[in-house]
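For reference, the chains in residue letters:
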Amino acid sequence: MNEDPDLRGALISALQWQIEMGADEAIAEAPVDRFALAAIAEKPASRTAANTTPAVDIPASTRKSRAQTAPTPGPPLNAPATDTAALATQAETLDDLAEVMRAWDGTPLKETARNFVFCDGLPGADLMVIGEAPGQEEDRQGKPFVGRAGQLLDRMLAAIGLDRTSDDPAKATYITNILPWRPVGNRTPTPEESGVFLPFVIRHVQLAKPKVILSMGNTPTKALLGTTTGIKRMRGHWVAHEATGLPLLPSFHPAYLLRQPADKKLAWHDLIAVRRALDGENPL
């Protein structure tokens, strides 16, 4: 049978996308009886006097599989944020901070990640980008924003004349994440995880000395600003970052834009605002 090269390429692209989104384990710990699930789904629901659906007897194997595959919170932290705050203040340079964070054992994320992901770009660059957490490719290379989302970020920055590889602070970018360790399965960091790493991030900003912060996504924005407001309401609105006094602009994470390309036009408005701030316009 002749192989269709177009079909093969499409299937490989689809698989790569699933891996980038965190679906890197296709086998559950327990088998799922799909025939039993289908029979349950097709079974007509009878109405009781209270207009409710009676309980359905789900096979034990199915119940076990559901429990194992249900979303679970991140593992408990081994240390409170006060510990990281004390450690962060001891760092006098970025190298000091990286060493302190790498050696800190207060999170179980360190036990499951492959690499410590600290930063990329030029320290002292006018713009500092703060994202969420390393993904699979970031964990493999030990650098933030190097997967598909990172490639999109590079194109976005290039559109306003910035390049993470530049040696000119006015044209370069400095990039980091709230978490330096990859959560298993690319899950979203918990508020507790973001909170315990926040003192490290604040010290990171202080030592990197940018002029402007671009916060990309819900996780870094909520952590840095201490808010529960979602990114769709926060994006595009400059805020003075309380801990550093720097202007901070929340915007969409590139991974979100890959899923929702229609919102790229809003992200473009944010990039223009960043460009104006870097050119000297007061954003606050």
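All values derive from a computational prediction rather than experimental measurement.

1. Looking at the overall build of the chain
Along the chain, the regular secondary structure elements total 13 helices and six strands. Counting across all 284 residues of the chain, residues that qualify as buried make up 43%. Considering only contacts within the chain whose residues lie at least 6 apart along the sequence, 73% involve residues at least 24 apart. Summing over all exposed atoms, the chain offers an accessible surface of approximately 15700 Å²; the carbon and sulfur share of this is 53%.

2. Concerning the sheet that holds strand β4 (residues 212-216)
As summarised here, the arrangement of the six strands in space is β1-β3-β2-β4-β6-β5, forming an open sheet in which the pairing is mixed. A single partner strand is all that each edge strand has here, and the edge strands are β1 (120-121) and β5 (239-240). Inspection of the sheet shows β5 paired to strand β6 (residues 247-251) by two bridges, in the antiparallel sense. Considered in β6, the bridge of V239 is made with L248.

3. Topic: the pairing of strand β3 (residues 173-177)
In terms of burial, β3 is largely enclosed, as five of its five residues are buried. Side chains T173, I175 and N177 of β3 all project onto a buried face; the interleaved residues Y174 and T176 project onto the opposite face, where all are buried too. Note that strand β2 (residues 127-131) and β3 share five bridges and pair parallel. Across the sheet, residue V129 finds its bridge partner in β3, namely I175.

4. Structural notes on the packing of helix α9 (residues 191-208) against helix α10 (residues 218-225)
The interhelical angle for the contact between α9 and α10, taken along N-to-C directions, is 70°, at an axis separation of 10 Å. What the angle tells us is that α9 and α10 run roughly perpendicular. Here α9 contributes S194, L198 and V201 to the contact with α10, which in turn contributes T219, A223 and L224. Per-class residue counts for the contact of α9 with α10 are four nonpolar, two polar and no charged.

5. Quick look at the pairing of β6
With respect to burial, β6 is a largely interior element, five of its five residues being buried. On β6, burial covers both faces: P247, L249 and S251 on one face and L248 and P250 on the other are all buried. Sheet topology note: the β4/β6 ladder contains four bridges and is parallel. Its bridge partner lying in β6, M216 is registered against S251.

6. Remarks on the confidence of the model for the chain
Averaged over all residues, the pLDDT of the chain is 84; the fraction at 70 or higher stands at 73%. Contacts from residues 40-72, a stretch scored under 50 in pLDDT, to residues over four places away or in other chains number 23 contacts.

7. Describing the environment of R203
Topologically, R203 is positioned in helix α9. With 106 residues separating them in the primary sequence, R203 and L97 have C-alpha atoms 8.0 Å apart. What R203 contacts, discounting residues up to four positions off in sequence, is A88, A91, E92 and L97.

8. So, the packing of aromatic side chains
In the structure shown here, the tally under the stated rule is six aromatic pairs. Ring plane angle 20° and centroid distance 5.9 Å describe the contact between F116 and F118, whose orientation is recorded as stacked. Connected via pairs of aromatic rings, a cluster forms that spans W104, F197 and F200.

Cut-off values and rules
Residues numbered from 1 in each chain as written. Predicted model: local features only at pLDDT ≥ 70, side-chain atom pairs only at ≥ 80, totals over all residues. Heavy atoms only, no water. Helix = DSSP H or I, 4+ residues; strand = E, 2+ residues; numbered from the N terminus. Buried < 20%, exposed > 50% of the residue type's maximum accessible area, 1.4 Å probe, protein only. Contact = heavy atoms within 4.5 Å. Areas by Shrake-Rupley, 256 points an atom, 1.4 Å probe, with all protein chains shown as cover. Pairing = 2+ DSSP bridges. Axes fitted to C-alpha atoms, helices over the stretch in contact; angles between N-to-C directions. Parallel < 35°, antiparallel > 145°, perpendicular 65-115°, else oblique. Nonpolar A, V, L, I, M, F, W, Y, C, P; charged D, E, K, R; others polar. pLDDT = per-residue confidence, 0-100. Phe/Tyr/Trp six-rings, centres within 6.5 Å; stacked < 30°, edge-to-face > 60°.

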